[in-house]
Amino acid sequence: MRFFCFKMAKIKYLKLSILKLLAKLSGAQVKLMHTSLIYQQVKQSLGQYIEQGHRVFTVALSGGVDSVVLLHLMHALRVQDPALQVSAIYIHHGLSQYADDWQVFCQTLCNELNVPFQTAKVNIEQQSRTSLEAQARDARYQALDELSPHGSIILLGQHLNDQIETFLLRLKRGSGLKGLGAMQRERTLTSGRLCFRPLLAVKRSDIEAFAAQYALNHVTDDSNTDERFERNFMRQQVVPILAARFNGFEQCTARSISLLQQQHALLNEYTHIDLTQCVNSQQALNISAIAKFTPIRTANVVRAWLELFTHVLPSQKQLEQIINQAIAAKSDAQMLIELSDGQIRRHQGHLYFVVPSTQILNNTLITRSELKLADGRLLKKHSGVGVRAPTADEQVSVRFNCNSARIKPLKKPGSNTLKHWFKDAKVAPWLRANVPLIFYNDDLVQVVGYFISANHSDENGIYWECK
């Protein structure tokens with residue numbers, strides 16, 4: 001029994017010794033990483049954020065060599081600067097039979113590096129006119145945004161070869177200046193969350209050499225060799241030939257992309273000046289203002305204006321149709337062009353981007369001082385200059401889309417239909433159906449936001465406001 005206890009104690013001692021030895025080797029490896037060129041590049045690229053007080057970073061971890069190297073580099077940076085907080089997120093797309101195994105690998109790696117780890121499973125349903133790659137990317141960004149700690153900067157593992165592949169793919173598609181600028185080093189999500197690509201200037205071969213030097217295990221996506229995918233074909237067949245044939249091809253292409261990004265940024269500055277001069281407070285585009293520009297400048301401003309409302313921009317042919325209809329139409333002409341995210345309408349010499357409401361606004365009795373409408377707006381009653389209070393036998397209701405109802409607005413001549421007064425006030429046709437109308441029984445007493453009935457006005461009365 002004593003011998004058995006001694007043996008067990010010896011085994012336990014050996015295990016602890018091995019763990020200590022591995023810890024020492026790991027510490028020595030990290031110190032060696034600090035001297036590597038890739039580590040210095042990543043540290044320098046993140047320096048701007050760290051100097052601004054950002055201390056929380058989240059690595060988008062797929063298990064591939066790029067993200068694994070990035071995670072190790074961030075671990076090494078945290079060793080050097082313990083104030084940094086580093087976590088990792090694995091997105092399970094369910095598109096590969098090995099996705100569960102990759103998740104386990106990422107979990108194990110994070111445990112070894114003492115990095116907090118989370119995973120999210122996203123469902124990708126194939127949609128028409130949208131690539132599976134684009135859908136997976138959008139779902140990935142959304143999940144990363146939702147799971148990352150508050151204030152965290154999301155770090156992505158794309159590198160220089162990814163950038164070159166993106167450039168060539170967009171060149172093939174006939175992209176313009178913005179598209180040929182490929183991936184930006186920074187990307188801001190719609191939530192305001194910042195994404196950053198610290199390896200974007202590093203070649204794939206250098207990343208793979210780093211992983212080999214430090215014996216960093218990683219997984220290989222089986223779909224990466226499937227040349228049915230355009231990016232894989234570029235990666236396997238096109239870029240290696242160009243790099244072998246032309247000395248410095250990767251660095252020269254990166255320089256061209258950088259110049260394109262700078263030129264696009266400069267163009268954006270001038271575009272912003274034009275756009276500011278051509279839109280009103282409702283973000284409607286002044287047609288007479290853009291008509292004074294050259295055709296190419298007009299097209300540029302219209303495209304920038306559309307980007308205020310949608311990420312799905314019209315084709316060149318659609319853009320020409322929009323401009324021609326806007327400028328060539330008579331001043332009172334109606335215009336309606338359907339786009340994927342909304343409509344372009346013309347009113348009073350301006351173009352408006354309109355998203356049709358899907359909410360049905362019903363007539364409702366008003367029994368309280370506040371009423372929440374079906375579209376989420378709040379209708380509130382206030383005291384002040386408005387209409388008299390209703391009598392005991394008058395029901396108060398809010399109605400919509402009653403163009404034939406008549407009213408004599410205060411300080412306006414005569415009584416007429418609501419359609420007439422909306423036109424007189426230059427209210428856009430597509431807005432009229434959503435304007436709340438206050439009725440006492442069947443008498444229209446207030447058109448909320450526009451006018452009150454002269455026959456019901458009261459200096460010490462009530463009025464309704466909608467927000």
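Given the structure is predicted, the values throughout are model-derived calculations rather than measurements.

> Explanation requested: the sheet that holds strand S19 (residues 451-452) in the structure shown.
One key point about sheets: their strands pair by backbone hydrogen bonds, in either a parallel or an antiparallel sense. Judged by pairing direction, the sheet is antiparallel, and its five strands sit side by side in the order S11-S14-S17-S18-S19 without closing on themselves. Single-partner strands in this sheet number two, and they are strand S11 (364-365) and S19. Here strand S17 (residues 437-440) pairs with strand S18 (residues 443-447) via four bridges, running antiparallel. Each residue of the ladder has a partner; that of leucine 437, found in S18, is valine 447.

> Sorry if this is basic, but what is going on with the environment of glycine 174 here?
Position of glycine 174 relative to the elements: it lies in the loop between helix H6 (160-172) and helix H7 (177-180). In this structure the C-alpha to C-alpha distance between glycine 174 and serine 148, which are 26 residues apart in sequence, comes to 36 Å.

> Sorry, what's going on with the packing of aromatic side chains here?
Each aromatic ring pair is described using two quantities: the centre-to-centre distance and the angle formed by the ring planes. This model, assessed by the stated rule, comprises eight aromatic pairs. When the centroid spacing of 5.5 Å and the interplanar angle of 75° are considered together, the rings of tryptophan 305 and phenylalanine 309 count as edge-to-face. Residues phenylalanine 422 and tyrosine 450 carry aromatic rings whose centres are separated by 6.0 Å and whose planes lie at 85° to one another, so their mutual orientation is edge-to-face. With a gap of 28 residues between them, phenylalanine 422 in helix H14 (residues 418-424) and tyrosine 450 in the loop between S18 and S19 connect regions that are remote in the sequence. The aromatic ring of tyrosine 141 is capped on one face by arginine 187, whose charged end is 4.0 Å from the ring centroid.

> Looking at this structure, I do not really get the sheet that holds strand S12 (residues 370-372). What am I missing?
Here three strands make up an open sheet; going across it, the order is S12-S13-S20 and the pairing antiparallel. Every interior strand has two partners, whereas the edge strands, S12 and strand S20 (457-466), have only one. The sheet shows a mean angle of 25° between the axes of neighbouring strands, direction not considered. By the bridge criterion, nine bridges tie strand S13 (residues 378-387) to S20 in an arrangement that is antiparallel.

> What is the right way to look at the UniProt feature "binding site: ATP" (unreviewed entry) in the chain in this model?
Mapped onto this numbering, the UniProt entry gives "binding site: ATP" (unreviewed entry) at Ser62, Gly63, Gly64, Val65, Asp66 and Ser67. Looking at the element boundaries, glycine 63 is found in the loop between strand S1 (56-60) and helix H3 (65-80). Owing to a relative accessible area of 0%, glycine 63 belongs among the buried residues under this scheme. Sequence-distant contacts of glycine 63, that is, excluding residues within four places in its chain, are made with Val68, Phe105, Cys106, His218 and Val219. Among the secondary structure elements, aspartate 66 is positioned in helix H3.

> How should the UniProt feature "domain: Lysidine-tRNA(Ile) synthetase C-terminal" (unreviewed entry) in the chain be read in this particular structure?
Summarizing the sequence annotation, UniProt attributes the feature "domain: Lysidine-tRNA(Ile) synthetase C-terminal" (unreviewed entry) to residues 396-464 in the numbering used throughout. With 16% helix and 39% strand, the stretch residues 396-464 has end C-alpha atoms that lie 12 Å from each other.

> Before we go on, may I ask you to explain unusual backbone geometry in this structure?
One can expect most non-glycine residues to show negative phi and most peptide bonds to be in trans. Residues other than glycine seldom take positive phi values, yet asparagine 401 does so here, at roughly 60°. Relative to the assigned elements, asparagine 401 resides in the loop between strand S14 (396-399) and strand S15 (406-407). One non-glycine residue with positive phi stands out, namely lysine 426, at about 60°. Mapped onto the secondary structure, lysine 426 falls in the loop between H14 and helix H15 (429-432).

> Explain the side chain of serine 453 to me, please; I cannot follow it from the model alone.
Mapping serine 453 onto the fold places it in the loop between S19 and S20. On the accessibility criterion, serine 453 (2% relative accessible area) is buried. Side-chain polar atoms of serine 453 contact the side chain of histidine 456, separated by 2.8 Å. Those residues in contact with serine 453, other than ones at most four positions away along the chain, are Val387, Ile407, Lys408, Leu410, Leu444 and Val445.

> What exactly am I supposed to notice about a nonpolar patch on the surface here?
The grouping of Leu266, Tyr270 and Ile273 at the surface amounts to a nonpolar patch, some 320 Å² of accessible area in total. With relative accessibility at 44%, the residue isoleucine 273 sits in the partly exposed group.

> What's the story with the nonpolar core in this structure? I'm lost.
Most often, soluble globular proteins have nonpolar side chains that are buried together. Of all hydrophobic cores here, the largest spans 45 residues; its most connected members are Leu46, Phe57, Leu71, Met74 and Leu155. If sequence neighbours within four positions are ignored, leucine 71 has contacts with Val59, Leu61, Ala88, Leu109, Cys110, Leu113 and Val115. In terms of nonpolar packing, the next biggest core, distinct from the first, is built from 23 residues, Leu285, Ile287, Ala326 and Ile337 among them.

How each quantity is defined
Residues numbered from 1 in each chain as written. Predicted model: local features only at pLDDT ≥ 70, side-chain atom pairs only at ≥ 80, totals over all residues. Heavy atoms only, no water. Pairing = 2+ DSSP bridges. Helix = DSSP H or I, 4+ residues; strand = E, 2+ residues; numbered from the N terminus. Phe/Tyr/Trp six-rings, centres within 6.5 Å; stacked < 30°, edge-to-face > 60°. Lys NZ or Arg CZ within 6 Å of the ring centre and 35° of its normal. Axes fitted to C-alpha atoms, helices over the stretch in contact; angles between N-to-C directions. UniProt positions renumbered as here; feature names shortened; annotations may be inferred. Buried < 20%, exposed > 50% of the residue type's maximum accessible area, 1.4 Å probe, protein only. Contact = heavy atoms within 4.5 Å. Polar contact = N/O pair within 3.5 Å; in protein donor to acceptor, adjacent residues only side chain to side chain. Patch = residues over 30% accessible without salt bridge, like charges linked within 9 Å, V, L, I, M, F, W, Y side chains within 5 Å. Areas by Shrake-Rupley, 256 points an atom, 1.4 Å probe, with all protein chains shown as cover. Salt bridge = Lys/Arg side-chain N within 4 Å of Asp/Glu carboxyl O. Core = buried A, V, L, I, M, F, W, Y, C linked by side-chain atoms within 4.5 Å.

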